[in-house]
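# Tertiary structure, described
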Amino acid sequence: MATGQRGFDFDDFTDSRRIDRQRDQNLSDRQAQDRERADDDRRRALEEQRMAVLDANRARLDAMLVLVNDDDITLSAEEVGVVNDKSLRMMPNGEVVSRRAPAARDIIRRSGQFARANILPNLSTSPKRRRKKTKTDKNMSKALRLANERFRTAKGKLRKGATQAQIMKYAHKLLKKMS
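Summarised in this report is the structure supplied together with it. (Residues numbered from 1 in each chain as written. Predicted model: local features only at pLDDT ≥ 70, side-chain atom pairs only at ≥ 80, totals over all residues. Heavy atoms only, no water.)

A cluster of nonpolar side chains, namely Met 64, Val 66, Leu 67, Val 68, Ile 73, Leu 75, Val 80 and Val 83, defines an oily patch on the protein surface of about 660 Å² accessible area. Those elements that provide at least two residues to the nonpolar patch are helix H1 (10-69) and helix H2 (77-84). If you tally residues by element for the nonpolar patch, the top one is H1, at 4 residues. Residue placement: Ile 73 occurs in the loop between H1 and H2. According to the relative accessible area criterion, Ile 73 is partly exposed, its value standing at 31%. (Patch = residues over 30% accessible without salt bridge, like charges linked within 9 Å, V, L, I, M, F, W, Y side chains within 5 Å. Areas by Shrake-Rupley, 256 points an atom, 1.4 Å probe, with all protein chains shown as cover. Salt bridge = Lys/Arg side-chain N within 4 Å of Asp/Glu carboxyl O. Helix = DSSP H or I, 4+ residues; strand = E, 2+ residues; numbered from the N terminus. Buried < 20%, exposed > 50% of the residue type's maximum accessible area, 1.4 Å probe, protein only.)

Right, let's get into the packing of aromatic side chains. Under the criterion given, the structure shown has 1 aromatic pair. Measuring from centroid to centroid gives 5.8 Å for Phe 151 and Tyr 170, while their planes differ by 70°, and the two rings are edge-to-face. Of this pair, Phe 151 sits in helix H5 (residues 135-151) while Tyr 170 sits in helix H6 (residues 164-178), and the two are 19 residues apart along the sequence. What makes Phe 151 buried here is its relative accessible area of 15%. Overall, the relative accessible area of 22% leaves Tyr 170 in the partly exposed class. (Phe/Tyr/Trp six-rings, centres within 6.5 Å; stacked < 30°, edge-to-face > 60°.)

Here we come to the pattern of salt bridges. Going through the model one piece at a time under the given rule, you end up with 7 salt bridges. The shortest N-O distance in the salt bridge between Asp 34 and Arg 37 comes to 3.1 Å. You can see Asp 34 and its partner Arg 37 sitting in helix H1, 3 residues apart, about one turn around the helix. The exposure class assigned to Arg 37 is partly exposed, which follows from its relative accessible area of 46%. A salt bridge links Glu 47 to Arg 50; its shortest N-O distance comes to 2.8 Å. Note that Glu 47 and Arg 50 are positioned in helix H1 at a spacing of 3 residues, about one turn of the helix.

What follows is the structure, encoded as C-alpha cells:
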C-alpha cells in the first residue's frame, strides 16, 4: 500500500555520514592550510625585517669603508665633531644644519604610550562571557510564541488595535502561569 512517505533506507544514512566525514575532513584540511599560510607569512615578514636591518648595516659599513680606505679623505677635528654630533645633519647639497630638538608632544606621540591599543583592551581576543540559559528563558520563548500567535495575523502583521506592549504583557502573564 502506497502511503506517499519514503521509507528509511540504510544506504542514505551511511551516505550522509560519509559526506559529513568528508566535509569535516575538508574543513580541517583548510584550517591546516590557513595555519601554514599564516606561519609562512610570519616567517617571510621576519626574514624581510632581518634583511632590512642587514641592508641598513651594509650601507653604514659601505660609507665607513669609503671613509677609511680612501686616502684622499682626511677629516679635521671639526669635521669629526660634526660626524659624531647627533644634533647636526648634512643635507644632500653638503650643507650642515642643526636638527631642531623634538617637541615634547612629538616625543610622547612617538612613544606610543597613549596609543589606542595601549589604552583600550583588545576586544577581538578577549573571550566573551555569556550567561547560562535558564528555565525561565525557555519558558519566555514559549510564552512569546503563544502571545505572537494571539496578537498577529497569519502573515505576521499586528492585529488591529494590538501593540507590542500588549504582546509582552500577555507573554509575561503566560510566563507567570508556567512557573
